[in-house]
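Results of the structural survey
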Amino acid sequence: MKRKTKRLIGRVAAVCLMLSGLGTAAVFGWKAYSMQQEYEIGDEAYDKLADLVKAEEEPEKGPASSEAEETEGAVATVDLEAAQEVNSDIVAWLNSPDTVIDYPVCQGEDNSYYLFHLADGTYNRNGCLFIDCENRKDFTDDNTIIYGHHMASGKMFASLTKYAEQSYYDAHPVMYLTVGEKPYKLELFSGYVTTADSSAYRITCGSEHDFAGWIRELIKKSDFKASAMTIHTTDRIVTLSTCAYDFQNARYVVHGRLGNG
């Protein structure tokens, strides 16, 4: 009788262990599904915001222009006032043609809020691109830093790490940044892995000599060789930053010069 009881207890324990394992798997499965749903909600929110603020401008038609040239000349303009009606924290819009980077840029009171909130303030793990809380919102600092997540989905700033390859830079040497009513070209000149406390994150450079030396340092570190450009001490730099996984707390940064759009 005791032997049968022991067998029964053993079977019950085995069944309970199996059910416990299934329960754990179910929990992980539900979390994965929930996160995927959250990411999709974030993507949809950004698509709707882009539809709200962007419109295709008609290119100017010259007498010798071809249909192909007219299509290539079409420029997407951004109505930041419309975006700011959604959230006054939106200070800019960043676009990298033919990539997923086509997002509003916010500025919060700290550098934590927009890690887990969309541009409309909704909690979401996609977060939002945002400039450092110490930066001026009009991008007039020596260096304005824009942060964004390195999403496993490839969204937000995940594609920045592709600048480790020369071929990717050659295909995407310029981004476009709208600040206020003014469109700028962001002419990229450097990209590399760095630490979270490196000189890449300095906002002001002090003297012209310091600024020139800093630029030389950034160019020397770059994974890619940029197109020839002269960076003056009066130029403004924008640094795009995301997580990298080369070592603990690694970051991948891409630096660009603000030029006329």
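See the structure above.
In this text, all values refer to a predicted model and were calculated from it rather than measured experimentally.

**Examining a negative patch on the surface**
A contiguous patch of negative charge, built from Asp 79, Glu 81, Glu 85 and Glu 181, is present on the exposed surface. Structurally, Glu 181 can be placed in the loop between strand S7 (174-179) and strand S8 (182-195).

**Comments concerning the pattern of salt bridges**
Tallied over the full model, the rule gives eight salt bridges. The salt bridge partner of Asp 102 is Lys 54, with a shortest N-O separation of 2.8 Å. A residue pair is termed long-range when its members are at least 10 positions apart, and Asp 102 in strand S4 (residues 102-106) and Lys 54 in strand S1 (residues 54-56) qualify at 48 residues. On the basis of relative accessible area, Lys 54 is assigned to the partly exposed category, the value being 22%. Where Glu 187 meets Arg 257, a salt bridge forms, and the shortest distance between an N and an O atom there is 2.8 Å. Separated by 70 residues along the polypeptide, Glu 187 in strand S8 and Arg 257 in strand S10 (residues 250-260) bring together distant segments of the chain. Taking the relative accessible area as the measure of exposure, Arg 257 reaches 12% and is therefore buried. In the salt-bridge network here, residues are joined through shared partners; they are Glu 187, Asp 235 and Arg 257.

**Describing the packing of aromatic side chains**
One pass over the structure, following the stated rule, counts nine aromatic pairs. A centroid spacing of 6.4 Å and a plane angle of 20 degrees characterise the contact between Phe 116 and Tyr 123, whose relative ring orientation is stacked. Using a relative accessible area of 47% as the deciding quantity, one classes Tyr 123 as partly exposed. Joined through ring pairs, the aromatic side chains of Tyr 163, Tyr 168, Tyr 169 and Phe 224 make up one cluster. When the ring centre of Tyr 184 is taken as reference, the NZ or CZ atom of Lys 182 above it lies at 5.3 Å.

So, how was this worked out
- Residues numbered from 1 in each chain as written.
- Predicted model: local features only at pLDDT ≥ 70, side-chain atom pairs only at ≥ 80, totals over all residues.
- Heavy atoms only, no water.
- Patch = residues over 30% accessible without salt bridge, like charges linked within 9 Å, V, L, I, M, F, W, Y side chains within 5 Å.
- Areas by Shrake-Rupley, 256 points an atom, 1.4 Å probe, with all protein chains shown as cover.
- Salt bridge = Lys/Arg side-chain N within 4 Å of Asp/Glu carboxyl O.
- Lys, Arg positive; Asp, Glu negative; His and termini not counted.
- Charge placed at Lys NZ, Arg CZ, Asp CG, Glu CD.
- Helix = DSSP H or I, 4+ residues; strand = E, 2+ residues; numbered from the N terminus.
- Buried < 20%, exposed > 50% of the residue type's maximum accessible area, 1.4 Å probe, protein only.
- Phe/Tyr/Trp six-rings, centres within 6.5 Å; stacked < 30°, edge-to-face > 60°.
- Lys NZ or Arg CZ within 6 Å of the ring centre and 35° of its normal.

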